[in-house]
Structures are given as structure tokens and as C-alpha cells.
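Below, each chain spelled out in residue letters.
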Amino acid sequence: MLLNTVERGNDLRIAFADFGQTVVRPRADRFYELRMLDLESWHDLANADFWRIAIRERDGGHGRSWHHFGAALEGLAAGAGDLGFVLSLIAHAGLLRAVSEFGSASQRARLLEPLMNGAVGATAITEATGGSDVAAIRTSAVRADGGYRLSGEKDHITNAPVADLALVLGRIPELGRRDISIFLVETLRTGVLRGPAERLFGLRTSPTGSLSMDDVELPSDAVLGHEGEGLKLLYNVISFDRMLYGLVAAAYLTPLLDLALQFAAQRTAFKSLLIDHEYMQGRLTDIRLDIEVTRAVSRAALDALVSGRPDASLSCSVAKLIGSESLVSSTRHVMAVLGHRGYMEGETSRCIQDALGTLIAGGTTEMQRKNIFNQMLGEMRDTQEAVR
Ligand SMILES: Cc1cc2nc3c(=O)[nH]c(=O)nc-3n(C[C@H](O)[C@H](O)[C@H](O)COP(=O)(O)OP(=O)(O)OC[C@H]3O[C@@H](n4cnc5c(N)ncnc54)[C@H](O)[C@@H]3O)c2cc1C
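Residues numbered from 1 in each chain as written. Predicted model: local features only at pLDDT ≥ 70, side-chain atom pairs only at ≥ 80, totals over all residues. Heavy atoms only, no water.

Asker: Describe helix α3 (residues 66-80), naming the residues involved and giving the relevant values.
Answerer: Over its 15 residues, α3 runs 20 Å from end to end, which matches the ideal 21 Å to within 8%, given 1.5 Å per residue. Extensive coverage of α3 is indicated by the burial of 14 of its 15 residues. Where α3 begins, one side-chain oxygen reaches toward the backbone nitrogen of His67, 3.2 Å away; that side chain belongs to Ser65. Trailing α3 by a residue or two, Gly81 shows a phi angle of about 65 degrees, which is positive. (Helix = DSSP H or I, 4+ residues; strand = E, 2+ residues; numbered from the N terminus. Expected span 1.5 Å × (residues − 1). Buried < 20%, exposed > 50% of the residue type's maximum accessible area, 1.4 Å probe, protein only. Polar contact = N/O pair within 3.5 Å; in protein donor to acceptor, adjacent residues only side chain to side chain.)

As C-alpha cells, then:
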């Protein structure tokens, strides 16, 4: 309904919408009941070369762009109707892109092939003491035997219960003040423990859990980028994730709007169709507004990020904030239009539970606002410097 045929990657958007509809959607109820990641679809998706789309040909990918990957993910989110599954894909995508864009030749050679071929990735930042204040993390490593020994515990990490590889944010205290670094950790290593899936209110097809590391021996090339550069790299990695939340939100809401429209167009109340009542029209229009605005800001954020513009971080936070707030407000509208049917256990009640989780995962709404404000301050200082 809302596709623009001249958009970049439209072939992928259509192909993966079909994949989502025919492969993921029929399995979604079963995995929701099981509270598990749908690893069957995960492997089917890898076999469909989903993860190869934006990876360079020299690294075994198809050499298309992150715009093309975004289009494929939009298609999948619309077709699959399983927000949890798609959020697990976002967690993996963040790691995949990080290794592809910032990894050394040896890291790319060692890690990209499994990540494109069905291994599960995670991005582990949050600790039990809190997720918002990233710089307060305690996980830390010491240099040893030409490599590192890493210890610490991460909490509430998407995909952790089944992850094969994780991007882990930690410190190297001997570096001094700027000590935060990103470690690439295979979960098969001795000393790594993956916790069980947490019991969440929603997003049950996207398992979260702890990842603990007890004196884990890592090789010398376990650090992504340079030692002490972790925060700078992390902001790029999480900006990508935030932008994807927005793209996914708009795509996921689109078939739900169709569902609400179709229901309102055949259901009668007070001798008229629901669709003829202005309050209902208002709700349906608001969903469309959420979709249009979220899609526009998210695609603009993707452009900013891919072209390395200084406003990328701000734009990605806007996409995440608008996307998750839209998910919550629009899924509520869908339930309202469907009335009692919307409150029955099933797709429309589940989507509200799932939507609420997006207000926290990927950084809370408050943290997006804080980042937007900090970026604005930075812009103001830059302008003042320029006129001096
Ligand atoms: C479904 C799901 C998936 C997740 N997946 C991952 C993952 O893959 N990797 C990962 O690292 N983490 C993950 N998380 C954890 C998530 O990133 C954190 O929960 C989030 O960052 C908030 O951290 P917290 O829960 O510790 O809240 P806290 O940091 O303790 O904050 C509590 C509340 O206070 C607010 N707050 C904190 N500081 C301020 C301030 N300065 N001003 C105003 N308000 C403030 C917060 O916004 C929040 O509302 C996931 C969480 C969920 C729910």
C-alpha cells in the first residue's frame, strides 16, 4: 500500500516482505508460546543471503549498500508481523555492520562468514547496575600473554541466551582516563556463561539474558578499532541500531493499519460503518501519520549515518524516539478500532506488549532526548566557534 516503486532496494523490500509473510509469520505464534527466538527462520534467512546484502564482495557479501539492507529489513518487518524476531535481527545487524565497517582484516576474515551464515550475534552494553549511564560500566580487561583477560557481567542482552558472538563494552583500566573499549567475544570461550532467557512482558520471541565473563582469555585482535576508542565507536554502532528501530516501526505498523482499515470498513455501529465515524477516522489517520513521519525521519537518519554527516547521531535518536513512541500510540489505536477483538489474546494485544518494550530496548526515550539535546548543544558551540 505504501510502497514507492522508485525507492532504493525495492526489489529486496518486496522479496523479504514475501519471506516474512510465508516463512516467519506462520511460525510466530509457536515461538511466542515457547518464548524462544525462531532459529528455524533465522537459518532460513541466512540461507536467503539476508546478511550478505550490505557486506563488501571481498568479505563474501553482495556489495550492496546499507540502504539496501534497510529496505530488506523493512520488507521483513512488514511481512513477518513478529516484532520480537525483528528486534533480534537488529541486535545481530549492529554487530555485523560493526565488524564489517570497523573490523581489521583478520577480524573480518574470522567473524563475518559465520555471522552471515546463521550464527547469532549480540551487543552487550547494559549491566545489572544500569543501562542508561553507559560510561559507568564495570566489565574490565587486563592485558595478558599478548592478548586480554576479560571479566564482568552483562544483563538484559538481546539474543544472549543463544548468542555465538557478542560485542562487549568493557574497560582496560591500565589505559587511564579513556579506557572504554569494544571486545569481540565468542561465547564458546572458556569462562563465558550465557544466562537463561528472562521472562519479559512482551517481545517473547526475542530472548534477553545475561552474559557473564570470568577471566576469559581473548586474543590480541579481540578489540574492535583501537583500545580506548570504545565509546566513539559505540555511538556509531548504537546509532545504526536506533535508526533501524525507526525503519522497522514504520514497516511493522503498515499491515496493522491495513487490518484496522479493513475492519473499520466492514463493521457497523449506529447504522454506519466505523470508517464513517470521525473519531475512528482520526485514529486511522493518526496511525498513517505515525508511519509517514517515522519512515521519513528514519530514512533521513540512514542517509546521515551512511554519508557520515555530523548530525547522524541526533537523527538516529530522533528515529528511535519517534519510532518507539509511534509503535506504542499506533498499536493502541489499532486495538481501539478493533474493540473487544483487539483485546483478545493474539496479534493486536501482543503488538502492544511488544511495542512497550521498544521504549526501553535500544536506549530509553529519556536517553534519546538527552542525546538530542547534547547534540544540539554541540551544534550551538560549533556555530559560536565558527563566528568567533
Ligand atoms: C527488550 C529489551 C532488550 C534489550 N536488549 C539489550 C541489548 O541487546 N544490549 C544491551 O546492552 N542492553 C539491552 N537492553 C537493556 C536496555 O538497554 C536498558 O534496559 C536501558 O538502557 C535502560 O537501562 P536500565 O533498565 O538499567 O534503566 P536505568 O538506566 O536504571 O534507568 C531507569 C529509568 O531512569 C531513566 N533515567 C536514567 N538516567 C536518566 C537521566 N539522566 N535523565 C532522565 N532519566 C533518566 C531511564 O530513562 C529509565 O527510564 C534491553 C532491554 C530491553 C527491555
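So, next bit.
Asker: Kindly report on the site of the ligand, identifying the contributing residues and their values.
Answerer: Within the structure, the ligand sits among 18 residues, and Thr126, Gly131, Ser132, Thr158 and Thr364 are positioned closest to it. The contact in question runs from a nitrogen atom of the ligand to an N or O atom on the side chain of Thr158, over 2.7 Å. Interatomic distance of 2.9 Å between a side-chain N/O atom of Glu366 and an oxygen atom of the ligand. Protein contacts shield 63% of the accessible area of the ligand, which totals 970 Å² for the unbound molecule. When each cavity is represented as a set of grid points, the ligand is found to reside in the largest pocket. For the shell around the ligand, the per-class residue count stands at seven nonpolar, nine polar and two charged. (Near = heavy atom within 4 Å. Areas by Shrake-Rupley, 256 points an atom, 1.4 Å probe, with all protein chains shown as cover. 1 Å grid on protein atoms, 1.4 Å probe; cavity = no way out; pocket = protein on both sides within 12 Å on 5 of 7 lines; lining within 4 Å. Sits in = over half its atoms within 2 Å of the grid points. Nonpolar A, V, L, I, M, F, W, Y, C, P; charged D, E, K, R; others polar.)

Asker: Give a description of the pairing of strand β3 (residues 147-158) that names residues and reports values.
Answerer: The pairing of strand β2 (residues 140-144) with β3 spans five bridges and is classified as antiparallel. For Arg143, the partnering residue across the bridge sits in β3 and is Tyr148. Hairpin connection between β2 and β3: a loop of two residues separates the two successive antiparallel strands, and Asp145 in this loop has a positive phi of roughly 50 degrees. (Pairing = 2+ DSSP bridges.)

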